[in-house]
Amino acid sequence: MKKTILTGLRPTGNLHLGHYFGACQNYLKMQNDYDFYLEIADVQALTDNFNNPEKVRKNVTEITIDLLSTGLDPNKVNFFIQSKIPEIAELTVFYSNLVTVARLQRNPTVKTEIAQKKELFGNDGESITYGFLGYPVSQAADITAFQGELVPVGEDQLPLIEQCREIVRKFNSIYGETLKEPSAILSETKRVKGLDGNDKMGKSLGNAIFLNDSEEVIKKKIMGAITDPKKIKKDDPANPDICMVYYYHNLVNNKENIEKVCSECKKGSRGCVQCKKELIEAMNNFLAPIKEKRAYYEAHPEEVKEILENGTKKAKQKAEEQMKKIKKAMKIDYE
Ligand code: ATP
Ligand code: MG
């Protein structure tokens, strides 16, 4: 029996380099050997976009196309839409009894995200909604609805997987051994930084290079990327470790070029403009095959629709089976 993988992305915008290196690379590696469910988490996206349903709706297709463009094979990965699996919403209600409000408020990921969303949740998070505070519970429901054993994610998600494991243990201790404790699987690049030097490149943070950015946009973004502020003149030696341009060279360039960039930067024998131009070229080369696949799926929307329909059908079956076991354990399995 193949182990089950469950992971998800929020349809809040297009995929960027953070997703690619933080999560998708692992999906690509793992798609051959596991029973793989990939959730387009529209319900979770609504927790902080409840006032913008058009955005979420539009991005369901967008993000599916992005994921397919990275090389994921729809014959191996079940793409499904979260809201089409009502079992997840049901489970969220059941699990909400197994977690305290204080524990959710202490969750580091929730805390960081509340701080980033001042406009929506107020300066001290005083306007935080019940739904947003509870999204880690709904994520535990996502994972366990499919008996997800392995969850490939970026580092920002680790506290949420831990929260899920706690809920699983609590459930099993009360209702009997029913659920599996999932493990997070991190990529080699656990966390990709933003163009502004922020610790995390994020869709909602305005600091991302998207997989479908045009060459013109990429040029503009890379030309504006943060470099060592102490380097004023072209031939000043600089510290590549605090330069975002060097940082992205590391992601998309080859080993030889990366070493060259590093040593020339330290010696002061390379200017930032030249270095940025080289990065633009490497970035465009890296993105070219992804964009080519994207163009295919954009021209075949009926294929994308069918991929989502088929994946959702399989996901629904799996969640229904799991739900029977859970309701039995909770003694709410009425005939
Ligand atoms: P949002 O700001 O709407 O939450 P996001 O960019 O955080 O968007 P998600 O859909 O929440 O994207 O995350 C999808 C997956 O991508 C998760 O596994 C997450 O850990 C991973 N991920 C997102 N951004 C990064 C990043 N900068 N580095 C590494 N992994 C990332
Ligand atoms: Mg996120």
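Since this is a predicted model, take the numbers as computed values, not measurements.

Draft legend 1. Spotlight on the overall build of the protein. What the protein contains, in helices and strands, is 15 helices and five strands. Counting the 335 residues in the protein, one finds 53% classified as buried. Residue pairs at least 24 apart in sequence account for 77% of intrachain contacts in the protein once pairs closer than 6 positions are excluded. Across the protein, the mean location of the 50 positive side-chain charges is 3 Å away from that of the 48 negative side-chain charges.

Draft legend 2. Quick look at the domain arrangement of the protein. Looking at the assigned domains, one finds that the protein contains domain 1 (4-193 + 301-329) and domain 2 (213-293). Between the C-alpha centres of domain 1 and domain 2 the distance comes to 33 Å. Every contact between the two is made by 10 residues of domain 1 and, on the other side, nine residues of domain 2. Contact between domain 1 and domain 2 buries roughly 880 Å² in total, counting both sides, with carbon and sulfur atoms accounting for 75%. Counting the surface domain 1 buries against domain 2, the share from its top three residues, Leu17, Ser69 and Lys193, is 56%. The interface formed by domain 1 and domain 2 holds zero salt bridges in total. Between the two partners, domain 1 and domain 2, sit three residue pairs in polar contact (both at pLDDT 80 or more). At the level of secondary structure, the elements contributing two or more residues to the side of domain 1 that touches domain 2 comprise helix H1 (17-30) and helix H3 (53-69). The element best represented in the side of domain 1 that touches domain 2 is H1, accounting for three residues.

Draft legend 3. Just the site of ligand 1, in detail. Lining the immediate surroundings of ligand 1 are 21 residues, of which Thr12, Asp156, Val192, Lys200 and Met201 lie closest. In the environment of ligand 1, an oxygen atom lies 2.9 Å from a nitrogen or oxygen atom belonging to the backbone of Arg10. Contacts to ligand 1 include Asp156, whose side-chain N or O atom sits 2.5 Å from an oxygen atom. Here ligand 1 loses 97% of its free accessible area of 600 Å² to cover by the protein chains. Elements with a minimum of two residues in the shell around ligand 1: strand E1 (4-9) and H1. Broken down by element, the shell around ligand 1 gets its largest block of residues, four residues, from H1.

Draft legend 4. Structural detail: the nonpolar core. Residues Leu17, Tyr27, Leu38, Leu67, Phe79, Tyr248 and Met283 are the most contacted members of the largest nonpolar core, which totals 57 residues. Sort the elements by how many residues they give to this core and helix H14 (residues 272-299) lands first, with nine residues. Both domains that furnish three or more residues to this core are identified here as domain 1 (4-193 + 301-329) and domain 2 (213-293). Among residues more than four places away in sequence, those in contact with Met283 are Leu17, Ile209, Ile218, Ile222, Tyr248 and Val252. Grouped together as the second largest cluster of nonpolar side chains are 38 residues, Tyr135, Val168, Ala319 and Ile326 included.

Draft legend 5. Structural detail: the pairing of strand E5 (residues 183-186). Of the pairings in the sheet, the one linking strand E4 (residues 150-153) to E5 comprises four bridges and is parallel in character. Residue pairing in the sheet places Pro152 in a bridge with Ile185 of E5. A crossover links E4 with its parallel partner E5, the connecting element being helix H10 (residues 158-175), and its sense is right-handed.

Draft legend 6. Representation of the packing of aromatic side chains within the structure. The full count for this structure, using the stated rule, is 12 aromatic pairs. Ring centres of Tyr27 and Phe36 lie 5.8 Å apart, and the angle between their planes is 90 degrees; this geometry places the pair in the edge-to-face category. With a centroid separation of 4.9 Å and an interplanar angle of 45 degrees, the aromatic rings of Phe80 and Phe146 are classed as tilted. Of this pair, Phe80 sits in strand E3 (residues 77-81) while Phe146 is found in the loop between helix H9 (135-145) and E4, placing the two residues 66 residues apart along the sequence. Taking the relative accessible area as the measure of exposure, Phe80 reaches 0% and is therefore buried. One aromatic cluster is present, formed by Tyr20, Phe21 and Phe286 through successive ring pairs.

Basis of the calculations
Residues numbered from 1 in each chain as written. Chains lettered and ligands numbered in written order. Predicted model: local features only at pLDDT ≥ 70, side-chain atom pairs only at ≥ 80, totals over all residues. Heavy atoms only, no water. Helix = DSSP H or I, 4+ residues; strand = E, 2+ residues; numbered from the N terminus. Buried < 20%, exposed > 50% of the residue type's maximum accessible area, 1.4 Å probe, protein only. Contact = heavy atoms within 4.5 Å. Lys, Arg positive; Asp, Glu negative; His and termini not counted. Charge placed at Lys NZ, Arg CZ, Asp CG, Glu CD. Domains from an automatic or database assignment. Buried area = accessible area lost by both parts, 1.4 Å probe. Salt bridge = Lys/Arg side-chain N within 4 Å of Asp/Glu carboxyl O. Polar contact = N/O pair within 3.5 Å; in protein donor to acceptor, adjacent residues only side chain to side chain. Near = heavy atom within 4 Å. Areas by Shrake-Rupley, 256 points an atom, 1.4 Å probe, with all protein chains shown as cover. Core = buried A, V, L, I, M, F, W, Y, C linked by side-chain atoms within 4.5 Å. Pairing = 2+ DSSP bridges. Right-handed = clockwise from strand over helix to strand, strands pointing away. Phe/Tyr/Trp six-rings, centres within 6.5 Å; stacked < 30°, edge-to-face > 60°.

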